[in-house]
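An overview of the molecular structure
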Amino acid sequence: MTIRLPATLIAGDGIGPEIVDATLAALDALQAPFDWDHQAAGLAGVQAAGDPLPPATLDSIRRTRLALKGPLETPSGGGYRSSNVRLREAFQLYANLRPALNIVPGGRFDNIDLVVVRENLEGLYIGHEHYVQIDDDPHAVAMATGINTRAGGRRLLEFAFEHAVATGRRKVSIVHKANIMKALTGIFLETGLELYERKYKGKFELDTVIIDACAMKLVLNPWQFDMLVTTNLFGDILSDLVAGLVGGLGMAPGANIGADAAIFEAVHGSAPDIAGKGIANPTALLLAAAMMLDHVRLTEMATRLRQALHATLNIDLVRTGDLGGSASTSAFTQALVRRIRNG
Ligand code: NAI
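What counts, and at which threshold
Counting starts from 1 at the beginning of each chain's written sequence and moves along it residue by residue. Totals for whole chains, interfaces and linings use all residues, but because this is a predicted model, local features are given only for residues with pLDDT of at least 70 and pairs of side-chain atoms are given and counted only at 80 or more. To obtain the side-chain values, all non-hydrogen atoms of the structure were used and water was disregarded. By convention in this text, a residue qualifies as near a molecule or strand provided that one of its non-hydrogen atoms is within 4 Å of it. Throughout this description, a polar contact denotes any pair of N or O atoms lying within 3.5 Å of each other; where both atoms belong to protein, one of them has to be capable of donating a hydrogen while the other can accept it, and for residues adjacent in sequence the pair is counted only when both atoms sit in side chains. Note on residue classes: Ala, Val, Leu, Ile, Met, Phe, Trp, Tyr, Cys and Pro are nonpolar, Asp, Glu, Lys and Arg are charged, and everything else, Gly too, is polar. Criterion for a salt bridge: a side-chain nitrogen of Lys or Arg within 4 Å of a carboxyl oxygen of Asp or Glu. Helix and strand assignments come from DSSP, with helices taken as H or I runs of at least 4 residues and strands as E runs of at least 2, each series counted from the N terminus. Note on pairing: DSSP must find at least two bridges between two strands before they are called paired. Note on definitions: angles span 0 to 180 degrees between N-to-C directions of axes, and those axes are lines fitted to C-alpha atoms, for helices only across the stretch in contact. What makes two residues a contact is simply this: any of their non-hydrogen atoms within 4.5 Å. The span expected for a helix works out to 1.5 Å for each residue beyond the first. Each residue is placed in one exposure class: buried if its accessible area under a 1.4 Å probe, protein chains only, is under 20% of its type's maximum, exposed if it is over 50%, and partly exposed if it falls in between. Note on angle classes: values under 35 degrees are labelled roughly parallel, values over 145 roughly antiparallel, values of 65 to 115 roughly perpendicular, and the remainder oblique. We call a crossing left-handed when the near helix sits turned anticlockwise from the far one by less than a right angle, and right-handed when that turn is clockwise. Domain segmentation is taken from an automatic or database assignment of domains. Defined in terms of a 1.4 Å probe, buried area is the accessible area two parts forfeit on being brought together, summed over both.

Time to look at the site of the ligand. Contacts to the ligand come from 20 residues, most closely from L72, G269, A271, D273 and N281. Taking L72, its main chain carries an N or O atom lying 2.8 Å from an oxygen atom of the ligand. G269 places a main-chain nitrogen or oxygen 2.7 Å from an oxygen atom of the ligand. Of the residues assigned to the shell around the ligand, the class counts are nine nonpolar, six polar and five charged.

Following the criterion strictly, the structure yields 17 salt bridges and no others. Linking D226 and R169 is a salt bridge whose minimum nitrogen-to-oxygen distance equals 2.8 Å. With D226 in the loop between α7 (211-220) and β10 (227-230) and R169 in the loop between α5 (150-166) and β8 (171-176), the pair connects residues that are 57 residues apart, well separated along the chain. For D207, the salt bridge goes to K171, with nearest N and O atoms at 3.6 Å. Of this pair, D207 sits in strand β9 (residues 205-210) while K171 sits in strand β8; the two residues are 36 residues apart in sequence, bridging distant segments of the chain.

As judged from the seven bridges shared by strand β6 (residues 123-134) and strand β7 (residues 137-147), these two strands associate in the antiparallel manner. Looking across to β7, one finds that H130 is bridged to M143. Two successive antiparallel strands, β6 and β7, enclose a turn made up of two residues, where D135 displays a positive phi of approximately 50°.

Spatially, ten strands are ordered β2-β1-β3-β12-β11-β4-β5-β10-β8-β9 in an open sheet, and the strand pairing comes out mixed. The sheet is open, and its two edges are formed by β2 (34-39) and β9, each paired on a single side. Strand-to-strand, the axes of this sheet are offset by a mean angle of 20°, without reference to chain direction. Pairing geometry for strand β3 (residues 66-69) and strand β12 (residues 262-266), over four bridges, is parallel. From the neighbouring strand, L68 faces β12, where its bridge partner is F264. Of the strands in this sheet, β1 (5-10), β2 and β3 are in contact with helix α1 (residues 16-29), which crosses β2 at around 165°.

It is worth spelling out helix α11 (residues 329-342) at this point. With 14 residues, α11 extends 20 Å between its outermost C-alpha atoms, agreeing within 8% with the 20 Å of an ideal straight helix rising 1.5 Å per residue. Regarding α11, the residues found buried are T329, F332, T333, A335, L336, V337 and I340. Where the residues of α11 are buried, they touch α1, α9 (283-295) and α10 (299-314). Within two residues after α11, G343 carries a phi angle of roughly 80°, on the positive side.

This next bit is on the packing of α1 against α11. One can describe the packing of α1 onto α11 by two numbers: an axis separation of 9 Å at closest approach and a directional angle of 15°. Here α1 lies roughly parallel to α11, going by the angle between them. Crossing geometry of α1 relative to α11 is assigned as right-handed. Within the contact between the two elements, α1 uses E18, A22, A25, A26 and A29 and α11 uses T329, T333, L336, V337, I340 and R341. Considered class by class, the residues forming the contact of α1 with α11 number seven nonpolar, two polar and two charged.

Often, the extent of an interface is quoted as the loss of accessible area upon association of its parts. Here the chain is described as being made up of domain 1 (1-91 + 260-343) and domain 2 (97-248). A straight line from the C-alpha centre of domain 1 to that of domain 2 covers 25 Å. Taken residue by residue, the interface counts ten residues in domain 1 and ten residues in domain 2. Counting the surface lost from both domain 1 and domain 2, the interface buries some 880 Å², and carbon and sulfur atoms represent 69% of this. Among the residues domain 1 hides against domain 2, the three largest losses belong to R88, V267 and M291. Together they make up 54% of the total. Here domain 1 is connected to domain 2 by zero salt bridges. At the boundary of domain 1 and domain 2, one finds one residue pair in polar contact (both at pLDDT 80 or more). Listed by contribution, the elements that provide at least two residues to the side of domain 1 that touches domain 2 are α4 (83-90), α9 and α10.

See the structure below:
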């Protein structure tokens with residue numbers, strides 16, 4: 001008897017329902033044992049329940065502790081607060097894991113296999129900022145406060161180091177700016193060095209790199225890195241940079257992992273410019289689903305999904321428009337399902 005796994009499914013906004021349908025078709029073909037609890041969030045949450053993060057959605061994740069999520073629309077400027085940020089806070093999803101791996105060869109860089117681990121809750125993203133008025137200029141001065149705690153840094157660094165050991169990473173680089181932001185990012189560096197000496201020395205190589213130099217080195221020679229671990233703002237920027245190294249947002253999955261739950265998603269947003277046209281590339285969400293399978297220890301299924309994606313893209317050469325192909329989302333999905341069924 002196969003054990004069934006309850007999991008929350010949030011289709012999301014824009015292209016969300018299209019790429020979620022594609023992902024469900026692939027997971028069905030794999031006979032993945034998820035029992036989905038369908039819930040709404042983002043704009044769909046506002047339309048269905050008058051709330052971008054309805055209590056029923058939070059209750060569902062509290063129960064399942066596992067979710068697959070399409071992108072959620074957040075209005076810029078005014079409007080409601082990002083449901084993604086609220087989800088991270090509600091479930092203490094402190095670790096953001098973003099692997100970058102070439103699937104389609106022939107881009108700017110080949111053989112990239114990097115992972116960025118980003119602290120997801122602290123730093124300059126806590127939203128403590130304000131303007132100071134001088135004379136008649138209400139925006140004369142802008143101020144922001146960042147908060148990094150030793151406990152918050154340690155749990156993220158411990159997660160990253162454990163992940164490095166479990167996945168056989170040879171090198172971990174702590175990315176910081178402790179030469180300038182001596183306290184704010186110095187505490188993260190100091191905590192990482194101390195943790196490595198105490199618990200992980202000899203299990204992998206550790207180095208430290210300043211964020212600006214890291215950005216340059218990633219573009220000149222990305223192969224010198226293996227895993228990057230860093231604070232919230234630097235991690236946000238670097239994870240998009242490494243997504244760019246492997247062909248852009250359509251290929252980039254992400255996992256938000258915490259003590260109370262894990263939520264898997266594509267790195268990209270709701271792509272309103274192509275929503276409803278049936279042309280979105282579902283690969284990023286499919287790769288997120290593979291991470292979710294790994295997370296629940298269904299590694300063989302995860303491998304089959306990744307292999308089928310590779311075959312569809314590179315042997316069958318079925319690709320969506322963003323990858324230079326002409327396949328619709330549904331044609332791509334049909335080819336992928338065929339590969340999953342027939343190998
Ligand atoms: P976006 O990632 O939605 O789109 C940027 C560009 O990439 C667009 O031209 C889009 O067509 C293209 N693109 C993105 N995903 C694609 C895919 N799977 N296949 C083919 N092309 C794809 O970023 P944008 O436009 O800045 O944001 C739109 C909305 O998404 C905003 O409301 C934003 O807040 C939200 N968003 C949500 C995220 C999440 O839920 N995790 C993450 C990022 C943005």
